[in-house]
Amino acid sequence: MEKLMNQLSENILDKFSMDYLRNQVLKNAYGNDDTVIAGLDPRILIAWYLFFGLVPWFVNDLSFLLGSFLLVMITTLLARVAGLVLFLFGLGVFSQTGYLFLVTLLFGGDASAVAPLLILTLKVATISLASVTVFSGLDPDKLSNGLMWYGCPERLSFSISYAYRMLPMLMEEFQNVLLSYRLRGNPPAHDTFSGKVRYLIYQVKIIMESFYPLMLNTAKRSRTTVEALELRGYRYAAVNKTVKKIRLSALKVTYNDLLFLAISVLWVALCLLCSTLF
Amino acid sequence: MNAMQKNTITQSQKLMIFVLTMSLYGLATLFTELIPKFQVGLVEFSIEYFLFIPLTLGMLFDPLSAALGAATGELVFSEIMLGQFGGLGELEKFLTVTIGVYIAGRLVKDPKNRVMVGIAAITGTAAQLLMGTIVDIAKVQFAVEDFEAVAGLPESVFATEGFAFLNDLLFSGIFFCLLPTLYLVPKLYGKIEPLLGMAPRTAQSAVAGLNPKSVVLCLIGFLCAVTAEMAATAGMSLIDWEAEWAESGTAMAMGMVAAAAVAVIAILVIKKNAERKVA
């Protein structure tokens with residue numbers, strides 16, 4: 001038990017290294033501009049995602065699901081997604097269905113529960129990988145332009161662009177606040193088991209408390225941001241059609257996009273053919 | 001005149017609240033995505049809900065802006081940035097977080113009243129969790145074929161979801177929503193508002209109080225969240241009908257393959273030609 005607790009607290013503290021997180025997130029956002037997926041038109045990719053993000057939910061045919069899964073796996077590889085994201089994907093799929101399987105066994109289910117759960121897993125995996133391809137593969141500015149073209153609220157595109165730019169700064173600030181709390185604090189001794197529990201509670205408490213200065217700082221910053229936006233006429237520009245047209249004029253559908261769509265359609269048609277044959 | 005101005009919030013102040021909640025809650029949810037969860041026995045200790053951030057801000061400022069900001073922050077920072085956007089499921093999360101925070105924010109009349117702050121914090125959390133649980137059960141029921149036929153599966157879904165709800169409410173709800181909110185609201189009250197150029201919220205402020213109109217709005221929002229999941233059932237029957245059509249349509253599928261193959265070849269040829277012209 002003690003070993004387990006030790007491992008757990010170590011694990012959490014290791015993962016919580018801010019630099020590691022920041023690097024992974026930045027790598028994910030800006031690190032892969034030169035891939036095949038990143039070069040595609042965002043509108044085409046979003047339309048592609050709408051198909052692979054919705055249709056698998058409604059289809060129970062195994063060969064179709066397997067085919068779609070293979071396709072999105074290839075596109076994910078093409079997009080060169082950061083390792084952390086893939087790890088989270090694996091964890092997410094397992095926690096959604098693997099856990100359910102274990103509990104099913106507990107309630108007297110047997111191996112017959114595997115087949116429907118396998119289909120459920122395939123569905124979940126296909127949908128998540130499709131989203132990983134589109135949302136990690138595209139860089140944020142392209143993504144928000146694509147969403148805007150489809151008539152998503154301006155707030156959402158603004159939030160995406162803002163989030164990607166502000167996040168490194170916010171993380172650094174949070175780290176600084178956290179470190180200053182640690183410097184001034186006196187953590188409880190953690191040799192015994194109860195000491196370890198107290199240590200964990202202490203760490204969590206510090207994280208909670210460091211949100212107090214962070215909230216005040218962020219309040220100041222968001223006022224500055226909004227005032228700067230207002231000076232440039234942001235709220236007027238957000239609803240103005242001419243501004244939107246100028247912003248979106250950079251989007252262009254090329255032969256590569258059409259080729260990507262056509263290959264996907266070909267693959268899906270092949271899968272459908274297989275499912276009607278067998 | 002002066003008092004009137006103090007009680008109303010301008011459009012740009014709403015945007016400030018939106019940006020503030022979005023960045024803070026987004027940052028927090030990003031951490032929760034990255035920190036591994038761990039289990040002791042059946043109890044799952046996850047630092048799942050940093051919900052205290054939007055709860056606190058929703059009680060101190062305009063609840064609707066804070067609620068929308070929190071939901072958007074979660075969507076953008078932890079789902080889209082990490083590439084975990086899950087389609088329909090995100091709509092449900094977006095709406096339940098918005099409604100939970102909004103309810104909590106509207107319940108508090110006077111942020112100085114600690115009892116009311118506590119009740120509102122736990123009510124908002126419980127509302128959000130309960131809606132999530134209902135939608136989760138519905139989702140598994142519609143996604144798995146022959147749900148009732150698999151032995152042990154229905155009971156296990158109800159048991160795991162019900163247990164997760166209680167666990168989240170009693171563990172995350174109290175430690176990560178109730179206590180931090182009780183600590184932060186009185187501490188921030190009167191300090192954070194001037195930074196956004198506003199007067200602190202009082203019992204007389206325009207936004208306080210939960211009226212029938214907002215309750216109806218919340219109900220409509222929840223119905224939307226459920227409808228998003230119900231679309232799955234409707235979609236099921238649609239595909240069944242399509243599958244019947246497809247059975248007799250091997251030729252049809254062959255035609256589709258041929259058409260798609262022709263399209264791929266045509267695009268390749270056109271692309272080659274276009275490149276030659278440029279070169």
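What you see is a predicted model; the values in this text were computed from it and never measured. (Residues numbered from 1 in each chain as written. Chains lettered and ligands numbered in written order. Predicted model: local features only at pLDDT ≥ 70, side-chain atom pairs only at ≥ 80, totals over all residues. Heavy atoms only, no water.)

### Observations concerning the overall build of chain B
The criterion, for reference: Only DSSP runs of H or I with at least four residues qualify as helices, and only runs of E with at least two residues qualify as strands; both kinds are numbered from the N terminus onward. Buried residues are those whose accessible area, probed at 1.4 Å on protein chains only, stays under 20% of the maximum for their type, while exposed residues exceed 50% and partly exposed ones sit between those limits. Whether two residues touch is decided by their heavy atoms; if any such pair falls within 4.5 Å, the residues are in contact. Note on areas: Shrake-Rupley, 1.4 Å probe, and residue coverage restricted to the protein chains presented here.
Broken down by element type, chain B carries 9 helices and 2 strands. When the helices and strands of chain B are read in sequence order from the N terminus, they spell out α-α-β-β-α-α-α-α-α-α-α. Within chain B, the fraction of its 279 residues that count as buried is 53%. Within chain B, counting contacts between residues at least 6 apart in sequence, those at least 24 apart form 79% of the total. Approximately 12,200 Å² of chain B is accessible, and the part contributed by carbon and sulfur atoms is 69%.

### So, the overall build of chain A
When helices and strands are tallied, chain A shows 13 helices and 0 strands. Ordered by position from N to C terminus, the α and β elements of chain A give α-α-α-α-α-α-α-α-α-α-α-α-α. When each of the 278 residues of chain A is scored for burial, the buried share is 50%. Summed over its atoms, the accessible surface of chain A is roughly 13,800 Å², and 66% of this surface lies on carbon and sulfur atoms.

### Some points on the confidence of the model for chain A
Let me state the cut-off plainly: Values of pLDDT, which run from 0 to 100, indicate the predictor's confidence residue by residue.
Residues at a pLDDT of 70 or more form 87% of chain A, whose mean pLDDT is 79. Across chain A, element-level confidence peaks in helix H10 (residues 211–231) of chain A with a mean pLDDT of 90 and bottoms out in helix H1 (residues 2–15) of chain A with 59.

### So, the domain arrangement of chain A
All names here are of chain A. Worth spelling out the cut-off: In this document the domain limits rely on a domain assignment from an automatic tool or a database. Polar contacts here mean pairs of N or O atoms no more than 3.5 Å apart (in protein, one a potential hydrogen donor and the other a potential acceptor; neighbouring residues in sequence count only if both atoms are side-chain atoms). Under the scheme applied, nonpolar residues are Ala, Val, Leu, Ile, Met, Phe, Trp, Tyr, Cys and Pro; charged residues are Asp, Glu, Lys and Arg; polar residues are all the others, including Gly.
The domains assigned to chain A are domain 1 (1–30 + 153–239) and domain 2 (32–138 + 254–272). Between domain 1 and domain 2, the contact holds 6 residues from the first and 9 residues from the second. Counting across the domain 1 and domain 2 interface gives 0 residue pairs in polar contact (both at pLDDT 80 or more). When residues in the side of domain 1 that touches domain 2 are grouped by element, the largest group, 5 residues, is from helix H2 (residues 18–30). A breakdown of the residues in the side of domain 1 that touches domain 2 according to their chemical character gives 3 nonpolar, 2 polar and 1 charged.

### Considerations on helix H7 (residues 140–149) of chain A
Residues and elements named next belong to chain A. H7 sits mainly inside the fold: 7 of its 10 residues count as buried. Among all positions in H7, only Pro140, Leu143, Ser144, Asn145, Gly146, Leu147 and Met148 are buried. Looking at the residues trailing H7, positive phi occurs at Gly151, about 85 degrees.

### What to know about the pattern of salt bridges
Residues and elements named next belong to chain A. The following threshold applies: Basic side-chain nitrogens of Lys or Arg form a salt bridge, by our definition, when they fall within 4 Å of a carboxyl oxygen of Asp or Glu.
Taken as a whole and judged by the stated rule, the model has 4 salt bridges over all chains. For Arg43, the salt bridge is made with Asp41, and the minimal N-O distance between the two is 3.0 Å. Just as Arg43 is buried, Asp41 falls in that class too. Between Arg223 and Glu227 there is a salt bridge, and its shortest N-O distance comes to 3.1 Å.

### Comments concerning the environment of B:Asp168
By the element assignment, B:Asp168 lies in helix H7 (residues 153–188). Linking B:Asp168 and B:Val108, residues 60 residues apart in sequence, is a C-alpha distance of 23 Å.

### Let's talk about the nonpolar core
In summary, soluble globular proteins display a tendency toward joint burial of nonpolar side chains. What counts is decided by this rule: Only buried Ala, Val, Leu, Ile, Met, Phe, Trp, Tyr and Cys residues count toward a nonpolar core, and they belong to the same one when joined by side-chain atoms within 4.5 Å.
The biggest cluster of nonpolar side chains holds 119 residues, and the ones touching the most others in it are A:Trp48, A:Phe211, B:Phe50, B:Ile53, B:Met59, B:Phe61 and B:Ile192. The contacts of B:Ile53, once residues within four sequence positions are left out, are A:Phe211, A:Met215, B:Leu24, B:Tyr25 and B:Ala28.

### Quick word on the confidence of the model for chain B
Residue and element names in this part refer to chain B. Mean pLDDT over chain B works out to 75, with 70% of the residues at or above the 70 mark. Mean pLDDT values for the elements of chain B range from 47 in helix H1 (residues 2–7) up to 90 in helix H3 (residues 52–60). Below a pLDDT of 50 lies the segment residues 1–6, which in the model reaches 1 contact outside its immediate sequence neighbourhood of four places, other chains included. Across residues 233–246, confidence stays below pLDDT 50; counting only partners more than four residues off in sequence or on other chains, it has 10 contacts. Both scores are given for the predicted complex: the pTM is 0.75, the ipTM 0.72.

### Section: the packing of aromatic side chains
Selection criterion: Working definition: rings of Phe, Tyr and Trp (its six-membered ring) pair if their centres are within 6.5 Å, and the pair is stacked with planes under 30 degrees apart, edge-to-face with planes over 60 apart, and tilted otherwise. Only lysine NZ and arginine CZ atoms are considered, and such an atom sits over a ring when it is within 6 Å of the ring centre and within 35 degrees of the ring normal.
Under the definition given, this model contains 10 aromatic pairs over all chains. Ring geometry for A:Phe158 against A:Tyr234: centres 5.3 Å apart, planes inclined by 45 degrees, an arrangement best described as tilted. In this pair, A:Phe158 sits in helix H8 (residues 154–184) while A:Tyr234 sits in helix H11 (residues 234–239), placing the two residues 76 residues apart along the sequence. Each member of the pair, A:Phe158 as well as A:Tyr234, carries the same accessibility label: buried. Consider the rings of A:Phe211 and B:Phe52, whose centres lie 5.7 Å apart with planes at 85 degrees: the pair is edge-to-face. Placement of the pair is A:Phe211 in helix H10 and B:Phe52 in helix H3, with the two residues belonging to separate chains. Taken individually, A:Phe211 and B:Phe52 each receive the classification buried, so the pair is uniform in this respect. One cation-aromatic arrangement involves A:Arg155 over B:Phe18; the distance from NZ or CZ to the ring centre is 4.6 Å. The ring of A:Tyr181 has A:Arg184 lying over it, and the distance from NZ or CZ to the ring centre is 5.6 Å.

### Some thoughts on the packing of helix H3 (residues 42–58) of chain A against helix H4 (residues 62–79) of chain A
Residue and element names in this part refer to chain A. To be explicit about the condition: Every axis corresponds to a line fitted to the C-alpha atoms, with the helix fit spanning only the stretch in contact, and the corresponding angles, defined between N-to-C directions, vary from 0 to 180 degrees. Crossing handedness is defined as follows: a turn of the near helix away from the far one that is anticlockwise and smaller than a right angle gives a left-handed crossing, while the clockwise case is right-handed.
Contact geometry of H3 with H4 gives a least axis separation of 11 Å together with a crossing angle of 145 degrees. Taken as a pair, H3 and H4 cross one another with a handedness that is left-handed. Counting all contacts with H3, which are made through Trp48, Phe51, Phe52, Val55 and Pro56, the residues of H4 involved are Phe64, Leu65, Ser68, Leu71, Val72 and Thr75. For the contact of H3 with H4, the per-class residue count stands at 9 nonpolar, 2 polar and no charged.

### Focus on the packing of H4(A) against helix H13 (residues 255–277) of chain A
Residue and element names in this part refer to chain A. For clarity, the threshold we go by: In these notes the angle categories are as follows: under 35 degrees is roughly parallel, over 145 is roughly antiparallel, 65 to 115 is roughly perpendicular, and the rest is oblique.
Look at H4 against H13: their axes get within 8 Å of each other, and the N-to-C directions meet at 155 degrees. It follows that H4 is roughly antiparallel to H13 by the angle criterion. As H4 runs across H13, the sense of the crossing is right-handed. Residues Ser63, Phe64, Gly67, Ser68, Leu70, Leu71 and Thr75 of H4 lie in contact with H13, whose contacting residues are Phe260, Ser264, Trp267, Val268, Cys271, Leu272, Cys274 and Ser275. In terms of residue class, the contact of H4 with H13 is built from 9 nonpolar, 6 polar and no charged.

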